[in-house]
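Structural overview for review
Chain by chain, the residues run as shown.
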Amino acid sequence: MRKKIVAGNWKMNKTLQEGIDLAIEINKLAVEKADNDVDIIIAPPFIHLTEVGKVIDREHVSLSSQNCASEQQGAFTGEVSAEMLWSAGVDYVIIGHSERRAYYQEDNDILNKKIKLALDNNLKIIFCCGENLEQREANKHFEVIKKQLTETVFTLIKEDFDSIILAYEPIWAIGTGKTATPEQAQEIHKFIRSLISEKFGNDIAQETTILYGGSCKPANAKQLFVNPDVDGGLIGGAALKAEDFIDIVNSFK
Ligand code: PGA
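Below, the structure is looked at part by part. Keep in mind the model is a prediction, meaning the values are calculated, not measured. (Residues numbered from 1 in each chain as written. Predicted model: local features only at pLDDT ≥ 70, side-chain atom pairs only at ≥ 80, totals over all residues. Heavy atoms only, no water.)

1. A closer look at the packing of aromatic side chains
- Under the criterion given, the structure shown has 6 aromatic pairs.
- Relative to F200, the ring of F154 has its centre 5.9 Å away and its plane inclined at 85°; by these criteria the two rings are edge-to-face. In this pair, F154 is assigned in the loop between α7 (141-150) and α8 (158-161) and F200 in helix α9 (residues 182-200), connecting sequence segments 46 residues apart.
- Site record: aromatic cluster; members linked through ring pairs are F154, F161 and F200.
- Cation over ring: R100 sits above Y104, and NZ or CZ is 4.1 Å from the ring centre.
- Directly above the aromatic system of F200 lies the positively charged group of K199, at a separation of 5.8 Å from the ring centroid. (Phe/Tyr/Trp six-rings, centres within 6.5 Å; stacked < 30°, edge-to-face > 60°. Helix = DSSP H or I, 4+ residues; strand = E, 2+ residues; numbered from the N terminus. Lys NZ or Arg CZ within 6 Å of the ring centre and 35° of its normal.)

2. Concerning the nonpolar core
- Membership of the largest hydrophobic core comes to 68 residues, with the highest contact counts inside it found for I42, F127, L149, V153, L166, I192 and I196.
- With 7 residues, α9 is the single largest residue contributor to this core.
- Not counting residues up to four positions away in its chain, the partners in contact with I42 are G8, W10, A23, I26, V52, I56, V61, S62, L63, S64 and F245.
- Judged by nonpolar contacts, the second largest core, of 12 residues, contains A7, I41, A43 and C128. (Core = buried A, V, L, I, M, F, W, Y, C linked by side-chain atoms within 4.5 Å. Buried < 20%, exposed > 50% of the residue type's maximum accessible area, 1.4 Å probe, protein only. Contact = heavy atoms within 4.5 Å.)

3. Considering the sheet that holds strand β5 (residues 124-129)
- The strand order around the closed barrel built from 8 strands is β1-β2-β3-β4-β5-β6-β7-β8, with neighbouring strands paired in parallel fashion. Neighbour to neighbour, the strand axes of the sheet diverge by 30° on average, direction disregarded.
- α9 rests against β5, β6 (164-168) and β7 (210-213) of the sheet, and its axis sits at about 150° to β7. (Pairing = 2+ DSSP bridges. Axes fitted to C-alpha atoms, helices over the stretch in contact; angles between N-to-C directions.)

Set out below in structure tokens:
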């Protein structure tokens, strides 16, 4: 059966000490009271990763970065490579987040380079897709998501797709307090699973974890996670409070 996962994307929040404190608190609650059937991942900023890695118990909490470079190494000032992340003990990398696509002009070519380097360096990938409000209102969301996946992760071979977790994140729901309804989330997740099935076969489709992201919080996580094709969440704002984050982890029951 596919894994249930709740991942916290801290974005550009928390000083180093605040980040360490948050990780300690999340780890404590994860060990003491989190649903053991759910994998927990936290994605702090780059500069926090090594220190956060020291205070979490990897049996309970895994570590992700929010990004990686699209080049292997060399003269790329300010970038952090997939190999560096791997060498720092990072397990996952988020690729294709809408904020990276919109603010840092990351197109599919760049995303594909990142995907390849992440896989070459043994990182698992949380790959994001999702439509904006205009696309949804024009009823183009299915088409947009299909194109985003077809031009990126669907170019992989079956064996590599094993390392991919997908996250459906409607842009109009990210950080806006406006969540997709459980019906809207299920509809898209089911559609994404059918696309995986068409591409890689039903076994792989059934094994792939598909997360929902966009204003997911303790108050709405249960209604979202109860849907058969929603396998967990990628959490932004609500991942910055340990209690809220673990409440979301425990929303499957
Ligand atoms: P949000 O962010 O939960 O703050 O809406 C989700 C995300 O962008 O991953």
